[in-house]
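Tertiary structure, described
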Amino acid sequence: MSVSPPEVPLNDEDLVTRARAGDLEAYELLVARHTASAYRTAVLLGAGPDAEDVIQEAFVKGHRNISRYRGESSFRSWLMAIVANETRNLHRSRSRRDGLALRAAAADPHAEIGEDAAVEAVLAGERRATLVRALRSLSVKDREVIVCRFFLDLSEDETVTMLGWPRGTVKSRTSRALAKLRGLLDVAEVRRG
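**Structural notes on the packing of aromatic side chains**
As enumerated under the stated definition, the model contains three aromatic pairs in all. Ring centres of Tyr69 and Phe75 lie 5.6 Å apart, and the angle between their planes is 90 degrees; this geometry places the pair in the edge-to-face category. Each ring, one from Tyr69 and one from Trp78, has its centre 5.4 Å from the other, and the planes form 55 degrees; the classification is tilted. These aromatic residues form a ring-pair network of at least three members: Tyr69, Phe75 and Trp78. Sitting over the ring of Trp165, Arg173 keeps its end group 5.6 Å from the ring centre.

Here it is as structure tokens:
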């Protein structure tokens, strides 16, 4: 009876190499490994109920462009950059759609416009909901850097890669965004009493 050695799970670099060579199963393993982070990224950056569509599109684009991944950063941060870009694309299309809805509401003031409560549904609890509301009131760039550094726990290098910003910009924006977020949370605490 021969005992085979235990299987060693492949790291991302090995899977990327295999995926570049056309191994679809290797890319499927990468997708399975990073789906939770991708979903969390999309939700926290404001994709709401469209988060699954955003990550699906990001994974398709990642597969299509895997030859462009240079390995200068982790595969995870490269993929999360694609998710962030897809979320930005969603925001742009939402802005156009919301503009249409506002014009329609102005034409018919009795029409209802529903609120997007998807993030609150995903993140349960009063403190989390307060944090999410404060986070959503930040500018897009402030929100992106906070999400990368503290919600996704990306290193400074990974944040630089994901957002495509210079290191100094990441440092200064992180500091300013944290100060703004603290201020918003202090105001929310005072309102709650």
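**So, the side chain of Arg88**
Within the fold, Arg88 resides in helix α4 (residues 75-107). Polar side-chain contacts of Arg88 include one of 2.6 Å to the side chain of Glu144. In this structure Arg88 touches Glu144 and Leu163, once residues within four positions along its chain are discounted.

**Let's talk about the packing of helix α1 (residues 12-20) against helix α2 (residues 24-44)**
As a packed pair, α1 and α2 sit with axes 8 Å apart at the nearest point and diverge in direction by 140 degrees. As far as their axial angle goes, α2 and α1 are oblique. The element α1 and its partner α2 pack so that their crossing is left-handed. Contact residues: Asp12, Leu15, Val16, Arg18 and Ala19 in α1; Ala26, Tyr27, Leu29, Leu30, Arg33 and His34 in α2. Classifying every residue of the contact of α1 with α2 by side-chain character gives seven nonpolar, one polar and three charged.

**As for the nonpolar core**
Counting residues in each nonpolar core, the largest one holds 44 residues, and the members touching the most others are Tyr27, Ala42, Phe75, Val83, Val145, Ile146 and Met162. Those elements that place two or more of their residues in this core are α1, α2, α3 (51-64), α4, α6 (126-137), α7 (140-151), α8 (156-163) and α9 (167-192). If you tally residues by element for this core, the top one is α4, at nine residues.

**What to know about the packing of α2 against α3**
Their axes nearest at 9 Å, the elements α2 and α3 cross at an angle of 140 degrees. Regarding the angle of α2 to α3, the classification is oblique. When the axes of α2 and α3 are compared, the crossing they make is right-handed. Of the residues in α3, those touching α2 at Leu24, Tyr27, Val31, His34, Thr35, Ala38, Tyr39, Ala42 and Val43 are Ala51, Glu52, Val54, Ile55, Phe59, Gly62 and His63. Its residues assigned to classes, the contact of α2 with α3 comprises eleven nonpolar, four polar and one charged.

**Looking at the pattern of salt bridges**
Should their charged atoms come close, side chains of opposite charge can pair. One pass over the full model with this rule turns up nine salt bridges. A salt bridge links Lys61 to Glu86; the shortest N-O distance between them is 2.6 Å. Here Lys61, found in helix α3, pairs with Glu86, found in helix α4; they are 25 residues apart in sequence, far enough to count as distant. On the basis of relative accessible area, Lys61 is assigned to the partly exposed category, the value being 25%. With a relative accessible area of 11%, Glu86 lands in the buried category. Notably, a salt bridge pairs Glu72 with Arg70, separated by 3.2 Å at the nearest N-O pair. The pair Glu72 / Arg70 is uniform in exposure class, with both members exposed.

What counts, and where the lines are drawn
- Residues numbered from 1 in each chain as written.
- Predicted model: local features only at pLDDT ≥ 70, side-chain atom pairs only at ≥ 80, totals over all residues.
- Heavy atoms only, no water.
- Phe/Tyr/Trp six-rings, centres within 6.5 Å; stacked < 30°, edge-to-face > 60°.
- Lys NZ or Arg CZ within 6 Å of the ring centre and 35° of its normal.
- Helix = DSSP H or I, 4+ residues; strand = E, 2+ residues; numbered from the N terminus.
- Polar contact = N/O pair within 3.5 Å; in protein donor to acceptor, adjacent residues only side chain to side chain.
- Contact = heavy atoms within 4.5 Å.
- Axes fitted to C-alpha atoms, helices over the stretch in contact; angles between N-to-C directions.
- Parallel < 35°, antiparallel > 145°, perpendicular 65-115°, else oblique.
- Left-handed = near helix turned anticlockwise from the far one by under 90°.
- Nonpolar A, V, L, I, M, F, W, Y, C, P; charged D, E, K, R; others polar.
- Core = buried A, V, L, I, M, F, W, Y, C linked by side-chain atoms within 4.5 Å.
- Buried < 20%, exposed > 50% of the residue type's maximum accessible area, 1.4 Å probe, protein only.
- Salt bridge = Lys/Arg side-chain N within 4 Å of Asp/Glu carboxyl O.

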